[in-house]
Amino acid sequence: MSLLHQPHDKFFREAFSRPRVVAEYIRQCFPAPLCDLLHTETLVQQQDTYVDEALQKHITDVVYRCQYGEHGAELDVTLIFEHKSYPDNKVFAQVLRYLCNYIDAQLKDWAPGQLLRPVLAMVIYHGEERWEARSMRDFFGELPPELARFIPFFDFLFDDIGRKSEEELLRTDTIWLRSTLAAFKADSFQNLIMALEFLARAIDDIEKTDPDQLRYIRTIFLYLGKGNLQKKEIMDAIEKVGQPTGERFVSLWEALFGEKEKEVEERAMKKGFQHGMELGLQEGIEKGIEQGINQGIEQGIEKGIEQGIEKGVEQGIEKGIERGLQIGKMEESFHVFRNGLREGIPTDLLVKLTSITQEQAEAWKSLLDHNPGLTWAEVSPKPVK
């Protein structure tokens, strides 16, 4: 999967892994007859996915099971997130393949007399261009009944989030769905201001004692901060939100991303460069002396050591620069990881955001659990003496 898709996919999964957000989304975005049929209070997220290797570059899915009708029979509701930021009229073929995967998975445990669960598929699109998704029957046109019965006609629901107006978003009953959909629309400065204003209302309305609500607000803000907009645009938009909420947004930004990001990056790079130079010079000189001694067997020990030291210094500088850049980047990741833990961001989400390994995350978390105030200087690699 392209790295360009990952921030959107991560936020999509995080947002729609909350049953109350999905229940509200169904009530607001599904046709009324379907809403009346579904018992959204029975929604339970499933861990299954029906996206195979061929579909991975196109879609992401979140699957829920719920009861419907008078007798409480079960069906699955699957939300399919379309990766593309531009219309693709062939999406019906991707949905057909997805539904075939879904049916195939049920047939693996099927027994004679057993009925298959129906599925409602909603394709969610968030691109800037308007898109009216076409069904499969549109591609075949009018067919005689004798032929039409051989075509696998089916329907799916389609939601173009990018075309939702502020008035439409305001009609949603909960601040959570409103803030989620607004965050997906935050691809321009004006839409970012709207998303932040919705988020500001969420902060003002929630019960401060509910950690899940606060964590979700941080998740939305984290998504906004990792989007395509420049940091200056985000800070300008925060300024337009006004006080005191703007100050709270700035505090949240600093908690998630460290201090002012540019200052942190410059400081980390400088410290990492110096630290890397110490490590690299030491290792380079040692290696150079060793190489020099070997050369000295033929050229003379004294001259060989002299040449080895010169070569070692040169190698050390090159290695120091490379090591310094690596350490600077690692320090920046440590600050984001540490501050994210303090704010309740899940560890697995922090791993994806900082691009550190799972092993590194577990090691840092173990240290921070014992000492939450741990600094980079206490965990960074030490120069060779």
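Check the entry above for the structure.
Residues numbered from 1 in each chain as written. Predicted model: local features only at pLDDT ≥ 70, side-chain atom pairs only at ≥ 80, totals over all residues. Heavy atoms only, no water.

(A) Just the layout of surface pockets, in detail. For the second largest pocket, the calculated volume is near 230 Å³. As for the second largest pocket, its lining consists of 15 residues, and the residues nearest its centre are L99, I103, V119, F154 and D155. Among the elements of the structure, α4 (91–107) and β4 (119–125) are those that each provide at least two residues to the lining of the second largest pocket. For the lining of the second largest pocket, the element with the highest residue contribution is α4, accounting for 6 residues. Class assignment of the residues belonging to the lining of the second largest pocket gives a composition of 12 nonpolar, 1 polar and 2 charged. (1 Å grid on protein atoms, 1.4 Å probe; cavity = no way out; pocket = protein on both sides within 12 Å on 5 of 7 lines; lining within 4 Å. Points joined across faces, edges and corners; volume = space filled by probe spheres on them. Helix = DSSP H or I, 4+ residues; strand = E, 2+ residues; numbered from the N terminus. Nonpolar A, V, L, I, M, F, W, Y, C, P; charged D, E, K, R; others polar.)

(B) Inspection of the packing of helix α2 (residues 19–29) against helix α7 (residues 175–185) at higher detail. At a minimum axis distance of 9 Å, the contact between α2 and α7 shows a crossing angle of 80°. It follows from the interaxial angle that α2 and α7 lie roughly perpendicular. Between α2 and α7, the residues in contact are R20, V21, E24, Y25 and Q28 and W176, L177, T180 and L181, respectively. Class assignment for the residues of the contact of α2 with α7 results in 5 nonpolar, 2 polar and 2 charged. (Axes fitted to C-alpha atoms, helices over the stretch in contact; angles between N-to-C directions. Parallel < 35°, antiparallel > 145°, perpendicular 65-115°, else oblique. Contact = heavy atoms within 4.5 Å.)

(C) Fine view of α4. Its 17 residues give α4 an end-to-end C-alpha distance of 24 Å, which sits within 8% of 24 Å, the value for a rise of 1.5 Å per residue. Burial in α4 covers these residues: V91, F92, Q94, V95, Y98, L99, Y102 and Q106. The buried residues of α4 occupy one face: seen down the axis, they fall within an arc of 160°. Against the buried residues of α4 lie β2 (59–68), β3 (73–82) and β4. (Expected span 1.5 Å × (residues − 1). Buried < 20%, exposed > 50% of the residue type's maximum accessible area, 1.4 Å probe, protein only. Arc of directions from axis to C-beta.)

(D) Representation of the pairing of β4 within the structure. Taken across its 7 residues, β4 has 6 buried, putting it largely inside the fold. Bridge count between β3 and β4: 6 bridges; the pairing is parallel. Of the residues in β4, the one forming a bridge with T78 is A121. (Pairing = 2+ DSSP bridges.)

(E) Region of the structure containing the pattern of salt bridges. Inspection of the entire model under this criterion finds 7 salt bridges. With a shortest N-O distance of 3.6 Å, R13 and D61 are connected by a salt bridge. Of this pair, R13 sits in helix α1 (residues 6–15) while D61 sits in strand β2; the two residues are 48 residues apart in sequence, bridging distant segments of the chain. Given a relative accessible area of 37%, R13 falls into the partly exposed group. By relative accessible area, which is 2% here, D61 ends up buried. Note that D369 is salt-bridged to K365, the shortest N-O span being 3.2 Å. Residue D369 and its partner K365 are both found in helix α15 (residues 358–370); the two are separated by 4 residues, about one turn of the helix. (Salt bridge = Lys/Arg side-chain N within 4 Å of Asp/Glu carboxyl O.)

(F) Seen up close, the sheet that holds β3. One open sheet accounts for 5 strands, arranged β1-β2-β3-β4-β5; its pairing is mixed. Pairing within the sheet leaves two strands with one partner each, and these edge strands are β1 (38–46) and β5 (157–160). When the angles between neighbouring strand axes are averaged without regard to direction, this sheet yields 25°.

(G) Layout of the environment of D155. By secondary structure assignment, the location of D155 is in the loop between α5 (145–148) and β5. A C-alpha to C-alpha distance of 8.3 Å links D155 and A121, two positions 34 residues apart in sequence. Not counting residues up to four positions away in its chain, the partners in contact with D155 are S135 and R137. Polar side-chain contacts of D155 include one of 3.1 Å to the side chain of R137. (Polar contact = N/O pair within 3.5 Å; in protein donor to acceptor, adjacent residues only side chain to side chain.)

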